[in-house]
Every structure is written in structure tokens, then in C-alpha cells.
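Fold and geometry: a report
Below, each chain spelled out in residue letters.
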Amino acid sequence: MTTRRDFVKTLSAITVGGTLIGDPFANLVGQPRKPRVGDPLFRELAMVALDAARGAGAQYADVRISNRQSQGISTRERRVQGLQSSETFGFGVRALVDGAWGFAASSRLTRDEVATVSRAAVSQARANKAAQLRPHQLAPATSVGDVEWSSPARIDPFTVSIDDKVGLLLAANEEALKAGGRFVTSNMQFVKDEKTLATTDGSFIVQTFIRSQPSMTVTAVKDGDFQTRDSTEIQPMGRGYEHVLDGKLVETAPMWASEAVQKLSAKPVEVGRYDLVLHPSHLMLTIHESIGHPTELDRAMGYEANFAGTSFIAPPADFLGKFRYGPDFMNVQGDRSQEGSLAQCGWDDEGVKPDDFLIVKNGIFNDYQTTREQALWLDWWYKRNGEPTRSHGCSFAESWSDVQFQRMPNVSLMPGEQDLTWDDLVAATDRGIGIKGRGSFSIDQQRYNAQFGGQVFYEIRGGKIVGMLKDVAYQMRTPEFWNAMDMIGGKRDYQLGGTFNDGKGQPSQSNAVSHGCPTTRHKQINVINTGRSQ
Amino acid sequence: MSKPRSLYAPAGFLSREESEAIARRALASAKADETRVIVSSGARANTRFADNQVSTSGDNYDATITVRSVFGKRVANASTNKLDDASLAALVATSEALARLAPEDPELMPELGPQTYAARPDPAQRETPTPEQRAAAVRAVTEPARAAGLVSTGYMQSNVGSFAIANNKGLFAYARGASAAMSTTVRTPDGTGSGWAGSAHEEWKDLNAATLGARAIDKAVRSRNPVAVEPGRYTVILEPTAVANLVQLIVGSLNARSADEGRSFFSKPGGGTKIGTKVVDERVTIVSDPMDPEGRGGLFTGEGLPTQRIVWVENGVIKNLQYDRFWAQKQGVSPTAGSNVLRMSGGDSSVEQMIASTERGILVTRLWYIRGVDPRTILFTGLTRDGTFLVENGRITKAIKNFRWNESPIFMLNNIEAMGKPMRVNSSEGGEGGGAVIVPPIKARDFNFTSLSDAV
């Protein structure tokens, strides 16, 4: 049995490990103190870490201090299922020592712990030398000095009352129930990550990332069948609470409910080949899986072979400037600059200002996603094109406790030159299926063979939508699928979609990323019936 | 080893006394009708390798406290990893402020009072392996791979940690844990062959990197230059990892409420659930037992309920569904306090015997990118990966290209021809181990491969 006295003893054991740096977040959950470049506490913590790493022999080191708040609200029909608020605060130090990496992290914020952890990163790098054949090297980067950046959020979601948020979700649920939904769930997720990065190159970067995701699922039930409709038109964004209000959940809920009901009596799809008209709310996921992932350079070089997989776009010398991804009008951009996108940032997690770059240029594969270490692997390609060998700024870590590595920027299919929309592509299609929203998805570890479902499927006959289909999924092979694209929407049709949780790495880290695109049409794609493949 | 065993001082996890002290500090400032506190802590160590050398590695320490506050029927949660007095007080205040704002939850269940938990010795492992130990394990794979002219990639992690739960009704529970997992994928330099091996254990000392490396190397060599075989329904021989990939999907579909509400495979046509109905082959029994000799399960749930041995399927018949406390009360049954251990019955056939008895079939190492297609039949899709072979006339004749499959574990478990001895596997797609999964290899008829994949 533990006595009161023991409690006091163990309590002090936790806090006497070193001098407390002091909690920079005075009023932590609701209104944390915003880190600024001028804040002496953050600078001091960073300098303790970098000095310790340099003193122990690191040629390069960076330290990330992050305070991440999350809030989740989930409701079901007429009640709240969960209200959660969480925050995690800590720091991680990465050190490059004689060509080997080490990384250590802790949530114990004392001066002693910061120095100990920083030295541990260095000694870990030394230990790793024993299993190292070639040195890790970094492409050059210069100090960006003392800089700040924030997500373009008009309303900080953490300042909006829970009452307002719950009220909005329950009102939307009520509308869905009235319109024929039997079960309704709705959610809001918010993240605010205040991140400070300091590097031995001399950069001191303070950034605040805000992400918001409202969502709803309506289920309709009849005669032993059930069908669901997700609110996939409302995508997660790197914006504030204004994004939730703009989503108009209450106003749109009846449509989602009525489409769930319509799906119950929708016609099961006949298997076969169809021309597919793919709405941006659906196509974003196909882009993510079949263009975003295979053009990650670490995958192409085999670094992710044990989990996420490799890439069919490898080795780079066989594909760069040679491989036809799709038709001439296909241009795919990597960027971290689109306003309100999930991957938007001022600088990446190794202090690089990301650039906008073309992954696919006029249908031909043109570039990979890179970090500072990876850019050097393509030195020959950049030299041939007269371009500088620089990182595209794709370094990212989910948390202070994880080491940063290459993560996907926004990867977007650029709109076509003609001013076409979903309606125009439907009108131009004689026999096809129109798909909106993301559904079930699965793709192989080299990103060749994929199967995608959706939320709603429209039968297109003679240029018109003639009814709804159900149990639709298409199977495709990436190069054939993109080369079968024969129509593309224009600027007016372009939309940004995204995901909060893209997993990669071991241990798995989550990345939030957006994908923009217009509607596209793909000729003669193989469609299966998922209700019958039993 | 002259270096300190742990990077962190104090230790990599909170003791029972430290956890209880933190919980009591939080409870002392709580004003809610009911307050529950969860304190978890741990040190995690990992090392990755690629291209026959270490790529990245990491050591980290964290401790988190979660407070759940209830006023009447209103409830909310808040968590932080700042454990100083001011932060704990602020955490409790936040949780209570959120709870006061929350609408009433008619399904809210009261906090439990003191409970009695099964006694069990803690794991011997108290510290994470050093970077040197991990680098040595890396070399046990990379050096033989390099000597064989192959390219190895992999990941290992080992964690130590603690989990404690306390409330203002007098409940307190504490458990300490440890885990270790490793997986490796070895590829041929021409990219035509790939072999995987993985394992998960209670402790780091149980992990044998050299054995895993040898298995992955053998598979990589044998899987090179695969040929295409027409998709269709085939007899399959699923290695235990692939069986786990599928059988776990059933466990994820066992929610009783979904079944009662008519939106699950376990819904009975016309109402009610399929409890008591035979749904798979009578040789199949699936059990979660926290005291399983091959997997240490949690002794209590996140609400503090003592976990029990739960029989999900017995001789092919559904015996239990997952009832939370509210739904159990509503349906007049006991809540199912299952643990994160899953064991399936087996048989006496070896994989070699399954191959020898097969005229034409496909041997599968593991499955990948498994995603739900239709919950009405627990239909999933995914692909084969890292070692897929054609069996003809009782022997493996060639490496074949990977397949996409569309299949339900329910159908697979109705088509069993033979089963082997159950073994613990590393069946999480991310290779991080997770709860103990102990399953046999299975030979089954008519597995539905729907298309070819060129991916190696």
C-alpha cells in the first residue's frame, strides 16, 4: 500500500530531474501562449539543444519544439458521442554525425533533459555507424534567419465555443433524419500545431498550423439492405472554423440523406468497361494513390520497401523525362503553397522554403518529391536540365517525438485550357458512369493495380444522368488509367480535396495533404460489382 | 555494455507509485460528479534500415494524462503530456468546462467502483534496447543479404511503458508492459523478387533478427522473375501472417449494436443477431484470453473493467459479440471485456504437407492494403505481397505475380481444407506488432483472386 508520504516523495522525484525551464504555456488548453521568434524561452531551449549536439560532435543538427492541440467532437443522431481535447508538447533533436543520423525526443522539458537528449541523438548516430556503408549527405541550404508563418485561418477553431459546434452538428443530424436517414453520425476535428524549428545552419522558424475537418455519414436501411453516404464534398482544409461554416452541413444534410435512401433502390451495376466521369471529390484520392505515392523519391529508391512499398517509377534514370504518365494535357504540380491546402507551410521541417514543381509536365514524368538528402540523388537530372540541386521542401514529421522524413506535398492535377465542367463531361459521354466522393480504396505496394469505390454513382446514357447505380468499383492499372484520360475540366471546375491522415514510415506517421483537380473522363475502364464478388 | 542502458533518467516509464501520485493530484482538484484519470507513459526505441544500412532511428519518452469528467449525464475528456501542478489543474478545469457544455448523454454509464484484477508477473524487460543493440540486429540481416547480392530493408522497435487508471469511486489499476517487433523485406537488385519475414514478441530478448533475415532472403531469391497466372478462384495455402490479416477483419466486425441495428454481417435477417448461428467451418474457434501463454493481454479495459476470456466463435458458431456497457445493459447481457489477444484454433497439418497435398494452388506469404468493400458480407479487397508462389502436383513450381483479391474471411473460413499449428505473428501492416495474434496456416478452397498486379 502506498502512503501519502510516498506520493510526495515520488512527486518530487519527477520534477527534480533538472531545473524546470518553466512552462511557456501559461493557460495551456484554451489559450496557450503563442510562440514567437522573439520569445526567449523557445530560443533558449533550442540553443541548449543545438549547442549540446555540436559540442558532442554533430556536423549538423536541428531541434523541433512542438505544442499540438487537437479537438474532436462526435455526435450520433440526437446526442453527443464524444468531446475530446488533447495536447502534446515536447521536443526532438536530429543530429548528423560523420554521415550517420540519430534522433531522440522527450516531453520532459528541463534544461538537463534537453542537453541529455541532444547528446543521446549524437551517440545514437555514432552507434548507427556500425551498420552504415555510405554516408548520408545533405543538399546545401542557407539560413532563412528568424521567420514566422501561420495557416490562413480567419477564425481559430479553438476559440469557438463547444456549444456552437455541438449545436451545428446536432442541427445537421436532425435535417438528415428528417430527410430519411436512419442513422447519422457527424464529426468535427481540429488541429493546431505550434512548431518551432532551429537548425545549426542558423534558421529559427516559428509556424502555426491550423487544420479543420467537418464530416457526416448518413445511413439508410430498408429490407435487410443498408447504404451510406459520406459528406465527401466537404474536404478537410488548412483553414480555421470559417471552413466549417462554409461547409453548410445543415443545409446539405438533406441531400446526403436522400442520396443514401436513393442508393437503396439504385440499380446494381452491370460489370464491364465504361467511360468514367470522375468528380474532383472522388478523383483527389485516385491522384493521391496513383501519382502522389509513386513519385516519392524514397519509395522509388527502396527506402519504404518494408511497409509503404516501392514504386513502379524506378529506377529514376529509366523514367525521368521518358515515361508517359498520361496525355499531353496532363500536368501535375507538387507544391506547399496553395492557400488553405493541408500541406501549406512557410518552411519545411528542415528549414527549406518549398517550391512549386511539375511532377508531370505535358504528360511526361518530370520530377520526384524530395528532401535535402534526397535532392542529391537526382543531382545528375537537375544538372542536365540546368536547374539547381535543391530540396523541394518535402520534409515533415507528425510530432515532436518522430524524426522528419520525406512526406507528400500537395499533388494536384492542373486544370485544362478549355472551360469545361462536370456537366460538360457528362453531356459528352454516351455510355458511362459518373462518380462523386471517395469510397473504398486499395492499391498495391508499387502503385500499379488499384481498386476504387465512391460515394454516389450515376448512370450516364446519351449525355444525360439517367439514374443511380450501386456496388460500383473500378479496377485499374496506373499507366493505362491516366493514358485513358481524354477530357479534363477547366479552371472553374478545379477543387481542392484532401486527407488528414496519410500514413507512411515506420513507426507510421500521419501527414495531412491536399490534392486539387478538375473533373476528368477516362475511356473504357474496368468496372466490377462489389455486391456480387462473393 | 559500458554506456548507460537507457537514454533517459529517470526510467522510461512511470512506476505504480508515480502513476498513482499523478492521478491523485488530478483527482484532488476535480469537482465533477465523476472523474476518471488515465496515466500512460513509455519509452520507444526504433531503428530502420534500407539499402543494407541504417537509414533512421529514434528514441523517445512521453507520459500522458487523460481526464474524463462527468456532471450528471454530461461528459468530456481532455489530455496533456504536461505533468506539472499548474498544467494538471488546468487540464482538470478544461475537461470540466467541456463537460459542463456538453449536452446530456442518455447512454452514459456510471464509473466503476474498485475492481479485482487477475495477478500476473510484470515483463522482465524494463529498458529499451540501446542503439548499439539495434545496430547489431540490423547487421544480422544486412550482412547476409549483402553477401548474397540482395538489398535488405526493415524495421525494429521495442517499447517499455505503463498504463494506469483511477477514478473518484476508488478504482485504481496499473500495468506495466513491454513489446518488441521486427520485420524485414529483402529484394533482388533487379527488382523482380521480394521476400518478407516478421515477428512480434513480449520482449526484446525473444527477437531473433538473423532468423528473420534468413527467411526473407530465401523468399527473395525464390520469388524472382515471377510469371503471370490467370486470376480466378484458387485453392490457397495462407501462411499464418496472411491468415491473421484476414481473421482480424472478423473481430473488427463483431460490434453487437451494429448487428442489432441491422447493419452488420452479424445481423440476423428479420431482426436480432447471429449469436448461436453457425457461420464458419466447425473446426474454427476464435478466443481472446488476456492470460494466453503466448500473448500478454491487458488485464483491464479503458473503463477499468477486468478483462475476461471471451469466446467469439466456438466450433464455427458465433458465441459472443462485442457489447459495450450501455448496449449490454439495454440488451440484458454482460458487457464483453475483451483483451487485445486473438487466438484461433488450428490443426495438425504443416505448410509442407499442405503443399504436398495440393494439385494446383497458390501459396501466399502476406496480404496488403486491405480495405473494406461491403460490410454486409465482411467483404474486403487487398493484394498479395512479398512471396507468392504457384503449387502444382504437390510442390512449389514457380514464383508468380501478385494478385488483387476480393474475399470475405467468413467465406475463407467456410472453405477450409487443412489447418496447421497456431503461432504468434506480426500482422499489423506497419510492422509495429500490436496485440498478440496467434493463428494457424490454412489451406482453403476457392479463394477469389480478381486481377493481376505487376507490383513486386
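Computed from a predicted model, the values in this text were never measured in an experiment.

A closer look at the overall build of chain B
A tally of regular secondary structure across chain B gives nine helices and 19 strands. Radius of gyration (C-alpha) of chain B: 24 Å, near the 23 Å computed for a compact globule of 456 residues. Along the longest, intermediate and shortest principal axes, the C-alpha atoms of chain B span 70 × 65 × 35 Å. Counting the 456 residues in chain B, one finds 57% classified as buried. Across chain B, every contact between residues at least 6 apart in sequence was considered, and the portion connecting residues at least 24 apart equals 75%.

Overview of the sheet that holds strand 11 (residues 357-361) of chain A
Residue and element names in this part refer to chain A. Across the sheet, four strands lie side by side as 12-11-10-15; this open sheet has antiparallel pairing. In the strand order of this sheet, the two ends are held by strand 12 (364-365) and strand 15 (410-413), each with one partner. Pairing of strand 10 (residues 332-335) with strand 15, which is carried by four bridges, proceeds in the antiparallel orientation. Paired with Val-332 across the two strands is Leu-413, which belongs to strand 15. Contacting strand 10, strand 11 and strand 15, helix 7 (residues 280-292) runs over the sheet at an angle of about 110 degrees to strand 15.

Topic: helix 1 (residues 16-28) of chain B
With 13 residues, helix 1 of chain B extends 18 Å from end C-alpha to end C-alpha; this agrees with the ideal 18 Å at 1.5 Å per step. Inspection of helix 1 of chain B places Glu-18, Ser-19, Glu-20, Ala-21, Ile-22, Ala-23 and Ala-26 of chain B among the buried residues, and these make up the whole buried set.

A look at the sheet that holds strand 17 (residues 423-425) of chain B
All names here are of chain B. The strand order across the open sheet formed by six strands is 10-9-8-11-18-17, and the pairing between neighbours is mixed. Edge positions in the sheet fall to strand 10 (317-318) and strand 17, since each of these pairs with one other strand and no more. Here three bridges tie strand 8 (residues 286-288) to strand 9 (residues 310-314), and the two strands are oriented antiparallel to one another. Residue pairing in the sheet places Ile-286 in a bridge with Val-313 of strand 9. Docked against the sheet, helix 5 (residues 240-251) engages strand 8, strand 9, strand 11 (341-344), strand 17 and strand 18 (436-439), running at close to 115 degrees with respect to strand 18.

Points about the domain arrangement of chain B
Residues and elements named next belong to chain B. When cut into domains, chain B gives domain 1 (16-219) and domain 2 (226-456). Summarising the inter-unit geometry, the C-alpha centres of domain 1 and domain 2 are found 25 Å apart. The set of elements that each furnish at least two residues to the side of domain 1 that touches domain 2 consists of strand 4 (151-167), strand 5 (172-187) and strand 6 (194-201). Of the residues that constitute the side of domain 1 that touches domain 2, the class distribution is 13 nonpolar, 14 polar and four charged.

Describing the domain arrangement of chain A
Residue and element names in this part refer to chain A. Parsing chain A into structural domains produces domain 1 (18-264) and domain 2 (267-529). Computed over C-alpha atoms, the centres of domain 1 and domain 2 are 24 Å apart. Elements with a contribution of two residues or more to the side of domain 1 that touches domain 2: strand 1 (60-76), strand 2 (79-97), strand 3 (100-106), strand 4 (146-150), strand 5 (183-199), strand 6 (204-222), strand 7 (225-230) and helix 6 (249-264). Of the residues assigned to the side of domain 1 that touches domain 2, the class counts are 15 nonpolar, 17 polar and 12 charged.

Re the interface of chain A and chain B
Often the size quoted for an interface is simply the accessible area lost on bringing the parts together. Taken together, the contact between chain A and chain B spans 80 residues of the former and 91 residues of the latter. Sorting elements by how many residues they give to the side of chain A that touches chain B places strand 2 of chain A first, with 10 residues. When its residues are assigned to classes, the side of chain A that touches chain B shows 34 nonpolar, 37 polar and nine charged. In terms of strand pairing, strand 3 of chain A meets strand 2 (residues 53-71) of chain B through three bridges, oriented parallel. Paired with Ala-105 of chain A across the strands is Asn-60 of chain B, a residue of strand 2 of chain B.

Description of the pairing of strand 21 (residues 495-504) of chain A
Within a regular strand, side chains alternate between the sheet's two faces. All names here are of chain A. Bridge count between strand 21 and strand 22 (residues 509-517): eight bridges; the pairing is antiparallel. Counted as the bridge partner of Leu-496 is Gly-516 from strand 22. In textbook terms, the turn of a hairpin is the stretch between consecutive antiparallel strands, and for strand 21 and strand 22 this stretch comprises four residues, one of which, Gly-505, has a positive phi near 90 degrees.

Looking at the packing of helix 4 (residues 162-178) of chain A against helix 6 of chain A
All names here are of chain A. The N-to-C vectors of helix 4 and helix 6 enclose an angle of 30 degrees; their axes lie 7 Å apart at closest approach. By the angle between their directions, the pair helix 4 and helix 6 is classed as roughly parallel. As for how helix 4 packs across helix 6, the hand of that crossing is right-handed. Contacts between helix 4 and helix 6 involve Leu-168, Ala-171, Ala-172, Glu-175 and Ala-176 from the first element and Leu-249, Val-250, Ala-253, Pro-254, Trp-256 and Ala-257 from the second.

Observations regarding the environment of Tyr-382 of chain A
Residues and elements named next belong to chain A. Within the element layout of this structure, Tyr-382 appears in helix 11 (residues 379-384). Exposure remark for Tyr-382: the 17 C-beta atoms within 10 Å place this residue in the partly exposed category. For the pair Tyr-382 and Asp-367, spaced 15 residues apart in sequence, the C-alpha to C-alpha distance is 9.3 Å. In this view, Tyr-382 contacts Glu-387, Pro-388 and Thr-389; residues no more than four positions away in its chain are not counted.

Digging into the nonpolar core
Residues Ala-49, Ala-53, Val-93, Ala-95, Ala-121 and Ile-433 of chain A are the most contacted members of the largest nonpolar core, which totals 199 residues. The element best represented in this core is helix 2 (residues 40-55) of chain A, accounting for eight residues. Excluding anything up to four places from it in sequence, Ala-95 of chain A contacts Ala-53, Ala-58, Ala-61, Gly-102, Ala-121, Val-122 and Ala-125 of chain A. Counting 66 residues, the second largest nonpolar core, distinct from the first, contains Ala-176 and Ala-220 of chain A together with Ala-32 and Ile-65 of chain B.

A word on the confidence of the model for chain A
In this model, chain A carries an average pLDDT of 91, and 93% of its residues clear a pLDDT of 70 or more. Low pLDDT, under 50, characterises residues 1-32 of chain A; the stretch is placed with 59 contacts to residues that sit more than four places away or in other chains.

Definitions and cut-offs
- Residues numbered from 1 in each chain as written.
- Chains lettered and ligands numbered in written order.
- Predicted model: local features only at pLDDT ≥ 70, side-chain atom pairs only at ≥ 80, totals over all residues.
- Helix = DSSP H or I, 4+ residues; strand = E, 2+ residues; numbered from the N terminus.
- Rg over C-alpha atoms; globule rule 2.2 N^0.38 Å.
- Buried ≥ 20, exposed ≤ 12 C-beta atoms within 10 Å, placed from the backbone.
- Contact = placed C-beta atoms within 7 Å.
- Pairing = 2+ DSSP bridges.
- Axes fitted to C-alpha atoms, helices over the stretch in contact; angles between N-to-C directions.
- Expected span 1.5 Å × (residues − 1).
- Domains from an automatic or database assignment.
- Nonpolar A, V, L, I, M, F, W, Y, C, P; charged D, E, K, R; others polar.
- Parallel < 35°, antiparallel > 145°, perpendicular 65-115°, else oblique.
- Left-handed = near helix turned anticlockwise from the far one by under 90°.
- Core = buried A, V, L, I, M, F, W, Y, C linked by C-beta atoms within 7 Å.
- pLDDT = per-residue confidence, 0-100.

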